[in-house]
Structure formats: structure tokens, C-alpha cells
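Structural features, examined
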Amino acid sequence: MGSHATVLGLEFLAAARVGRQGPGPHPTRRQWWRAWLAECGWSPRMWAWRQPFRWRRFPDSFPAADGRRGMVLVHGFAGNRGFWLPWLKALRADGRCFAAVDLEPPLGGIDGFVATVDAAVRRVHAATGRPPLVVAHSMGGLVVRAWWCRSGGQVPVHRIVTLATPHAGTWMARIGRAASSPEMRIGSAWLQALDAAQACVPPVRFTCWYSNCDNMVFPAATATLPGADNRAAHGLAHVELAFAPQVVRHTLALLDAD
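Report on the accompanying structure.

Reading the values: the criteria
Residues numbered from 1 in each chain as written. Predicted model: local features only at pLDDT ≥ 70, side-chain atom pairs only at ≥ 80, totals over all residues. Heavy atoms only, no water. Helix = DSSP H or I, 4+ residues; strand = E, 2+ residues; numbered from the N terminus. Rg over C-alpha atoms; globule rule 2.2 N^0.38 Å. Buried < 20%, exposed > 50% of the residue type's maximum accessible area, 1.4 Å probe, protein only. Expected span 1.5 Å × (residues − 1). Arc of directions from axis to C-beta. Contact = heavy atoms within 4.5 Å. Salt bridge = Lys/Arg side-chain N within 4 Å of Asp/Glu carboxyl O. Polar contact = N/O pair within 3.5 Å; in protein donor to acceptor, adjacent residues only side chain to side chain. Disulfide = S-S within 2.5 Å. Pairing = 2+ DSSP bridges. Right-handed = clockwise from strand over helix to strand, strands pointing away.

What follows is about the overall build of the protein. Counting its regular elements, the protein contains 8 helices and 6 strands. Seen in sequence order, the protein has helices and strands lined up from the N terminus as α-α-β-α-β-α-β-α-β-α-β-β-α-α. Expected size for 258 residues packed as a compact globule is a radius of gyration near 18 Å; at 17 Å, the protein falls within 12% of this value. Summarising its shape, the C-alpha atoms of the protein cover approximately 50 × 40 × 35 Å along the three principal directions. For the protein, with 258 residues in total, the buried portion stands at 55%.

Between its first and last C-alpha atoms helix H4 (residues 114-128) spans 22 Å; for 15 residues at 1.5 Å apiece the expected length is 21 Å, and the two agree. Burial in H4 covers these residues: Val114, Val117, Asp118, Ala120, Val121, Val124 and Thr128. Looking down the long axis of H4, one finds its buried residues gathered within 165° of arc, a one-sided arrangement. Seen from the open side of H4, the exposed residues pointing more than 90 degrees away from its buried face are Ala115 and Ala126. Looking at the buried positions of H4, the neighbouring elements they touch are strand E1 (71-74), strand E2 (98-100), strand E3 (133-137) and helix H5 (139-150). Just past H4, the residue glycine 129 takes up positive phi, approximately 75°.

As a further point, take the pattern of salt bridges. Scanning the entire structure with this criterion turns up 10 salt bridges. Residues arginine 122 and aspartate 118 are paired through a salt bridge, measuring 2.9 Å at the closest nitrogen-oxygen approach. With arginine 122 and aspartate 118 both in helix H4 and 4 residues apart, this pair spans about one turn of that helix. Here arginine 122 falls in the partly exposed class, since its relative accessible area comes to 45%. Of the charged contacts, one joins arginine 231 and aspartate 229 as a salt bridge, the two residues approaching to 2.9 Å between their closest N and O atoms. Owing to a relative accessible area of 28%, aspartate 229 belongs among the partly exposed residues under this scheme. Here the salt bridges share partners, and the residues they tie into one network are Asp66, Arg68, Asp94, Arg96 and Asp256.

A separate point is the environment of arginine 177. Examined against the element boundaries, arginine 177 turns out to sit in the loop between strand E4 (159-163) and helix H6 (189-198). In sequence terms arginine 177 and leucine 107 are 70 residues apart; their C-alpha atoms lie 8.6 Å from each other. Engagement of the side chain of arginine 177 in a polar contact is seen with the backbone oxygen of isoleucine 175, the distance being 3.4 Å.

Every buried residue of helix H3 (residues 85-93) is listed here: Leu85, Trp87, Leu88 and Leu91. Viewed along the axis of H3, the buried residues span an arc of 155°, placing them on a single side of the element. Set apart from the buried face of H3 by more than 90 degrees, the exposed residues are Lys89 and Ala93. Here the buried face of H3 lies against helix H2 (29-53), E1, E2, E3, E4 and helix H8 (245-253). Once H3 finishes, glycine 95 follows within two positions and takes phi at roughly 70°, a positive value.

Another point: the state of the cysteines. Under the counting rule described, the total for this entry stands at 0 disulfides. For the unlinked cysteine cysteine 200, the closest cysteine sulfur is that of cysteine 149, found at 8.5 Å. On the basis of relative accessible area, cysteine 200 is assigned to the exposed category, the value being 67%.

Moving on, we get to the pairing of strand E5 (residues 206-210). In regular strands, side chains alternate between the two faces of the sheet. Most of E5 sits out of view: 5 of its 5 residues are buried. Side chains of E5 alternate between two faces, with Phe206, Cys208 and Tyr210 and Thr207 and Trp209 buried alike. Pairing of E4 with E5, which is carried by 4 bridges, proceeds in the parallel orientation. Note on E5: the bridge partner recorded for valine 161 is threonine 207. Between the parallel pair E4 and E5, the chain is carried across by H6, and the sense of this crossover is right-handed.

Structure representation (C-alpha cells):
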């Protein structure tokens, strides 16, 4: 636990140093300290409990069609569907149709995950008869964008919500060794090709949540998209942002929004 907190601390130090070079608002020391403490709680819970042992707790749900929209959930780097347990519990309690994917192999390239997202979106759409809401955390948002481009924008989607996604890359990707790491570096050829491809397909509505205390995706502006509904959740850490009450509440409300 202590070594993990130290690694997180180094991430926050890097985020603070790099973030100072970008536009504000810049966090105070107290905000950085609070975000680090929060992530010290969230991160082990995710990586040592939910994802290794609880990922089957709430299987994908396809209840009888009731005219309501469903949701597709896409986790981030090296994770699995166990990331979304609180979300899945809420969707199940509401009787919603949902599918939470597993991106495999965990350290693979982003393009290799596209087919998994495509199958989930089509399955939820077929079960409900309505375009689903797609929600993605971190790298998962890039997977969803790559899928949208690969589909030619022809698969019905209500809206795409990204949570702490490095749309313009992240400084942290420079130290990664997975196949997706160079793809997520700021200014990478892969990201440039993605932007060009997205400009050639029909537009889709995006909501992008980002934070100035994100310890994995920084500078903060890299988690925004031009033309999107970019929403700041400043003061929140990378995993913490995905479970912030205001983020969850707003996103679930989109299920019933026109």
C-alpha cells in the first residue's frame, strides 16, 4: 500500500509540474493533496479488488424492451468491466439494458479493441430499439472514437460521454510500454490520424469530463475535444472522477434526454 501511494505521489508531482505550463485554473496545494488522498483510496480498491475479483458481479443485462435507452460502458487502460461496478448496480436497479465490455488483450493497441465496442453497441441497440448512450473512461474514450470512425458514423448512438480521456494525448504515455502507449502520446501520429478520420465521418454529440487534478491525463486540456460539451470537474483525480456524484448523476440523466 505504501509503495502504491508513493507511485501515485510521483504521478501527482508530474501532473502538477506539467500542468503549470498550461492554462488555468491551477490547483492549490491543498487540492493536490486532497486528490492524492482520494486516489490512494480509489486506486487500490479498483486494481486489487473490483477488477480482479468482482468483475462478474453484475453481468450484462438485456431485460425485455420497455422503450428506454440502454448504455454501453468501456473501461480504460489495462482494466476490465469490474471498473464500472457502482454504475452497473445503478443501471440494474433501474431495470436498464447495459453492456460493459472487456478490452483484450489488456496491453494491446487501441485499434484492436474496436470490434469489441462495435459488438456491444449493436447488441444494446438491437435489445432496446434505441441508440445507446456510450460511456468511456480514460483510454476507453479513444477506443470509442476509433470505433466511431471505423463504423463511418453509421451505427446509431445517442451520445458519447468520455471521462478523463486523453483526446489530445497525455504526458504520462511517454513512460508506458504497452502497444497503446505511443498511440496516446501528445502529438502522436495515431492521434493525428484519428482526428483526421473523425473529421470525415458524421458528427456525434460528445460530453467530455476533465479535471485539473488528473494524475494520469495531463495537461488538463488534453481531455477535451473541440466542439464537445466539455465539462470541468476540477480537483478530482483520475479514477475518482469516474465516480464523482455530479458526473454519474449528469451522465445517467442523459439516458432520458432527447
